[in-house]
Amino acid sequence: PAELTAFLDLLRRLRGEGRIVILITRKLAEARAVADRITVLRDGRVVAQTTPAESSESELARLMIGELITVPKSKPPAGVGSTTLLEIKNLTYRNSGVTILDGISLKLNAGVITGVAGVDGNGQVELVEVLAGARRANAGTFQIVDGASETAIAVIPQDRDLDGLILDMQLWENLLLAKPLRARVSRNGWIDVASARDLCREVLASFRIRAAGPEAKASSLSGENRQRLEVARALTQKPRVLVAHNVTRGLDLAATSEVHRILIKFAADGGAVLLISSDLDELLAIATRLFVISRGQIRETDPSDRSPEKLGLMMAGRWAD
C-alpha cells in the first residue's frame, strides 16, 4: 500500500510538470484516484470515455465486462470451520545459508479460505513449492490431519507458462501431469489415450475452456484459458486442500470473478483453500482468515483492523505497530 501511494503521487507530480501520463490498469480504484479522464476498453474496442466524477467503480466494471458479477464473501459452512485438514508446523527452509521460510505454522480448516498477503519475494514461492513437494524443508512438517493420502493437496502455481503447463504438449497431456488424473485413465501401467481425451473433453466443457479440442497444444490457448486449465486440473483431482498462488494475476474482472466463485464453492463444499496473493483487494474480498508474510515469517491479522496502512506495516515486518 505504501509503495502504491508513492507511485500514484509520482504520477501526479509528472502531470503537474506538464507531462502526459497514460496509466493502463484493471484496478478501478487506482484509475479513479489519479486519472483526469478514463477510457474503458472491452474486446479491443473503446466502449466509454468518462471521468472519475462521472463514474463509480461498479459502473466502470459493467463497462469493462458487459455485466457486473458479484461474488459473496467466503463464510465457513456451519459445523466445518473448526475442522483442520492441513497443519503446517514450524516450517523452515534455507537456501545457500539464507533462511527464506522461518518457522511458519498454520492450520487450514475445512470450509475456510485462508489468505496470505505479502510483497513478492518474501518466501511465498518457496512455501508453495515446499507444499507441492518441489522443495524439501530443512525443518518442520506439514500433514493432512484426517489421514487422507498425499494426493489430497492440489497446487496452482503463479506462473502458468513456466510451472503450471508444458506449452508444447497437448491439452490432454497437460491434464495428466496430475498423478491422480493419470491414474484414472491408466490400465496396467499404460495410459488409455482415448479415455484421457474423453476426460479432457469433459474438463474443457465443465470449466468453459475455449479450445479446439483435447489435441490442441496448450500454447494455442489464451492466457485466461490457460489459467482455467490450471484451475480445472487442480479441482478435477478432487483434493481436500487447494493451494493457489496469484491465481487471478493477469485475468480480467469477469475471469477473476469466475475464479473467485470457484474457490468459494470449493470451500463451501468442505475443502480448505490457501490463497497466496499479492492482490490485497482480492484477499480482503474473499478470504475468511488473513495472514501476512514478511521475510519468511507469518502473522495473522486482526479482522477488526485490516486497513491498508496496518497491512502495509505488517508487510514491512513491523508486527508490533
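The rules behind these values
Residues numbered from 1 in each chain as written. Predicted model: local features only at pLDDT ≥ 70, side-chain atom pairs only at ≥ 80, totals over all residues. Heavy atoms only, no water. Helix = DSSP H or I, 4+ residues; strand = E, 2+ residues; numbered from the N terminus. Contact = heavy atoms within 4.5 Å. Salt bridge = Lys/Arg side-chain N within 4 Å of Asp/Glu carboxyl O. Buried < 20%, exposed > 50% of the residue type's maximum accessible area, 1.4 Å probe, protein only. Pairing = 2+ DSSP bridges. Axes fitted to C-alpha atoms, helices over the stretch in contact; angles between N-to-C directions. 1 Å grid on protein atoms, 1.4 Å probe; cavity = no way out; pocket = protein on both sides within 12 Å on 5 of 7 lines; lining within 4 Å. Points joined across faces, edges and corners; volume = space filled by probe spheres on them. Nonpolar A, V, L, I, M, F, W, Y, C, P; charged D, E, K, R; others polar. pLDDT = per-residue confidence, 0-100. Polar contact = N/O pair within 3.5 Å; in protein donor to acceptor, adjacent residues only side chain to side chain.

### Overview of the side chain of Thr92
Phase 1: Following the sequence through the fold, Thr92 ends up in strand S3 (residues 84-95).
Phase 2: Sequence-distant contacts of Thr92, that is, excluding residues within four places in its chain, are made with Leu101, Asp102, Gly103, Ala137, Asn138 and Ala139.

### As for the pattern of salt bridges
Phase 1: Across all of its chains, the model carries 14 salt bridges by this definition.
Phase 2: Here Glu17 and Arg19 are joined by a salt bridge, their closest N and O atoms 3.2 Å apart. A single burial state applies to Glu17 and to Arg19, both of which are exposed.
Phase 3: Between Glu224 and Arg228 there is a salt bridge; the shortest N-O distance is 3.4 Å. Of this pair, Glu224 and Arg228 both sit in helix H9 (residues 223-236), four residues apart, which is roughly one turn of the helix.
Phase 4: In this structure Glu224 comes out as partly exposed when scored by relative accessible area, which is 29%.
Phase 5: If you follow the salt bridges from partner to partner, you end up with Arg197, Asp198, Arg201 and Glu215 in one network.

### Re the pairing of S3
Phase 1: As defined by bridge partners, S3 adjoins strand S4 (residues 98-109) across eight bridges and the pair is classed as antiparallel. Looking across to S4, one finds that Thr84 is bridged to Asn109.
Phase 2: The turn linking S3 back onto S4 is made up of two residues, and Ser96 within it adopts a positive phi angle of 55°.
Phase 3: Summarising the sheet, S3 and strand S6 (residues 139-144) pair through five bridges and their orientation is antiparallel. Each bridged residue has a counterpart across the sheet, and for Ile88 the counterpart in S6 is Phe142.

### Considering the sheet that holds S6
Phase 1: Strand order in this open sheet of three strands is S4-S3-S6, and the pairing throughout is antiparallel. A strand with exactly one partner marks an edge of an open sheet, and here the two such strands are S4 and S6. Going across the sheet, the axis of each strand differs from the next one's by a mean of 15°, ignoring polarity.

### Details of the layout of surface pockets
Phase 1: Considered as a void within the structure, the largest pocket measures approximately 1,600 Å³ in volume.
Phase 2: In terms of lining, the largest pocket is formed by 43 residues, of which the most central are Ile24, Thr25, Thr39, Val40 and Leu41.
Phase 3: Secondary-structure elements contributing two or more residues to the lining of the largest pocket are helix H1 (2-16), helix H2 (28-34), strand S1 (38-42), strand S2 (45-50), helix H3 (57-65), H9 and helix H10 (253-268).
Phase 4: With five residues, the top contributor of residues to the lining of the largest pocket is S1.
Phase 5: Residues belonging to the lining of the largest pocket are distributed by class as follows: 20 nonpolar, eight polar and 15 charged.

### Observations concerning helix H12 (residues 308-315)
Phase 1: Residues Lys310, Leu311, Gly312, Met314 and Met315 constitute the buried set of H12.
Phase 2: Close packing links the buried residues of H12 with strand S5 (113-117), helix H11 (280-286), strand S12 (289-294) and strand S13 (297-300).
Phase 3: Gly317 lies just past H12 and shows a positive phi near 85°.

### So, the confidence of the model for the protein chain
Interpretation of the predicted coordinates at a detailed level should be avoided for regions scoring low in pLDDT.
Phase 1: Predicted confidence across the protein chain gives a mean pLDDT of 87, with 92% of residues reaching 70 or more.
Phase 2: Taken element by element, the protein chain is modelled with least confidence in H3, mean pLDDT 77, and with most confidence in helix H6 (residues 171-175), mean pLDDT 96.

### Describing the environment of Gln124
Phase 1: Examined against the element boundaries, Gln124 turns out to sit in helix H4 (residues 124-132).
Phase 2: A relative accessible area of 4% means that Gln124 is categorised as buried.
Phase 3: Residues Gln124 and Ser294, spaced 170 residues apart in sequence, show a C-alpha to C-alpha distance of 9.3 Å.
Phase 4: Each residue touching Gln124, except ones within four places of it in the same chain, is listed here: Gly118, Val119, His245, Ile276 and Ile293.
Phase 5: For Gln124, the side chain forms a polar contact with the main-chain oxygen of Val119, separated by 3.0 Å.
Phase 6: Here Asn122 takes part through its backbone nitrogen, which lies 2.9 Å from a polar atom of the side chain of Gln124.

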